[in-house]
Amino acid sequence: MEPVLEMDGSPLDVRDFKAVLGRFCTGVTVITAHSGDGPVGFTCQSFSALSLEPPAVCFCPARTSTSWPRIRAVGRLCVNILAHDQQDICRRLARSGTDKFAGVDWEPSPNGSPRLAGSMAWLDCEVEQEVDGGDHTIVIARVTALSEHREAAPLLFYRSAFGRLDPA
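Residues numbered from 1 in each chain as written. Predicted model: local features only at pLDDT ≥ 70, side-chain atom pairs only at ≥ 80, totals over all residues. Heavy atoms only, no water.

1. A closer look at helix α3 (residues 87-94)
Because the α-helix completes a turn every 3.6 residues, residues three or four places apart line up on one side.
At step 1: Every buried residue of α3 is accounted for by Ile 89, Cys 90 and Leu 93. The arc that holds every buried residue of α3, seen down its axis, measures 105°, which confines them to one face. Opposite the buried face of α3, by more than 90 degrees, sit the exposed residues Asp 88 and Ala 94.
At step 2: Looking at the buried residues of α3, the elements they touch are β2 (29-35), β3 (38-44), β8 (114-116) and β12 (161-163). (Buried < 20%, exposed > 50% of the residue type's maximum accessible area, 1.4 Å probe, protein only. Helix = DSSP H or I, 4+ residues; strand = E, 2+ residues; numbered from the N terminus. Arc of directions from axis to C-beta. Contact = heavy atoms within 4.5 Å.)

See below:
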């Protein structure tokens with residue numbers, strides 16, 4: 001992959017790239033599935049609605065993710081949209097090499113994936129396609145079921161920190 005260049009032809013500074021993109025506020029999700037070994041999941045900010053017809057979403061796991069290959073193998077997953085009071089779950093499921101689900105309350109979604117207690121909403125999906133996205137993979141998933149779970153403020157991520165909506 002060729003480096004991104006600035007207008008003058010010099011390479012783009014990764015720190016500048018991160019700083020600029022950090023100005024874009026995102027919600028936070030947890031992508032989950034239930035493999036033969038038990039629940040698996042990861043925290044994901046790179047999530048978006050993709051299509052209304054057919055209903056589809058996309059998200060972007062890092063190529064270094066050890067959870068994504070296990071979820072891909074299942075082929076179906078649940079996107080859990082986190083509420084402002086779920087920072088601990090967000091952090092827990094962002095870690096590698098630990099039992100991420102120890103002490104996490106969940107129940108099976110209609111497709112059998114972990115639906116996290118306290119989430120604002122959830123979407124069951126089936127993996128449709130993967131596209132090369134550099135150091136991430138772009139996953140396109142068809143939505144098969146969904147529901148709002150509770151009314152709450154969303155968990156937001158902005159400039160490398162959690163944030164909240166200003167009610168004013």
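Let's pick the thread back up.
2. What to know about the layout of surface pockets
At step 1: Approximately 1,600 Å³ is the volume attributed to the largest pocket.
At step 2: Around the largest pocket, the lining is made up of 45 residues, and of these Lys 18, Leu 21, Gln 45, Ser 46 and His 136 lie nearest the centre.
At step 3: Of all the secondary structure elements, the ones that give two or more residues to the lining of the largest pocket are α1 (14-21), β3, α3, β10 (136-148) and β11 (156-158).
At step 4: Sort the elements by how many residues they give to the lining of the largest pocket and α1 lands first, with 5 residues.
At step 5: Approximately 180 Å³ is the volume attributed to the second largest pocket.
At step 6: Taken together, Phe 24, Cys 25, Thr 26, Gly 27, Val 28, Thr 29, Gln 45, Phe 47, Ile 81, Met 120 and Pro 154 make up the lining of the second largest pocket. (1 Å grid on protein atoms, 1.4 Å probe; cavity = no way out; pocket = protein on both sides within 12 Å on 5 of 7 lines; lining within 4 Å. Points joined across faces, edges and corners; volume = space filled by probe spheres on them.)

3. Description of the sheet that holds β12
Strands pair in a sheet through their backbones, by hydrogen bonds, and they do so in one of two ways: parallel or antiparallel.
At step 1: Here we have 3 strands laid out as an open sheet, ordered β1-β11-β12, and antiparallel in their pairing. Of all strands in the sheet, those bounded by a partner on one side alone are β1 (26-27) and β12.
At step 2: Direction of pairing for β1 relative to β11: antiparallel, over a ladder of 2 bridges. Following the sheet pairing, Gly 27 is matched in β11 by Leu 156. (Pairing = 2+ DSSP bridges.)

4. Focus: the side chain of Ser 35
At step 1: When you line up the elements, Ser 35 lands in strand β2.
At step 2: Setting aside residues no more than four positions away along its own chain, Ser 35 makes contact with Arg 70 and Val 74.

5. Points about the UniProt feature "domain: Flavin reductase like" (unreviewed entry) in the protein chain
At step 1: The UniProt feature table records "domain: Flavin reductase like" (unreviewed entry) at residues 21-164.
At step 2: Secondary structure over residues 21-164 splits into 12% helix and 48% strand, and the C-alpha atoms at its two ends are 18 Å apart. (UniProt positions renumbered as here; feature names shortened; annotations may be inferred.)

6. Considering unusual backbone geometry
At step 1: With omega at -5°, the peptide bond leading from Glu 53 into Pro 54 counts as cis.
At step 2: Mapped onto the elements of the fold, Pro 54 is located in the loop between β4 (47-51) and β5 (56-59).
At step 3: Residues other than glycine seldom take positive phi values, yet Arg 159 does so here, at roughly 50°.
At step 4: Here Ser 160, not a glycine, exhibits a phi torsion of approximately 65°, which is positive.
At step 5: Topologically, Ser 160 is positioned in the loop between β11 and β12.
At step 6: Given the relative accessible area of 66%, Ser 160 is considered exposed.

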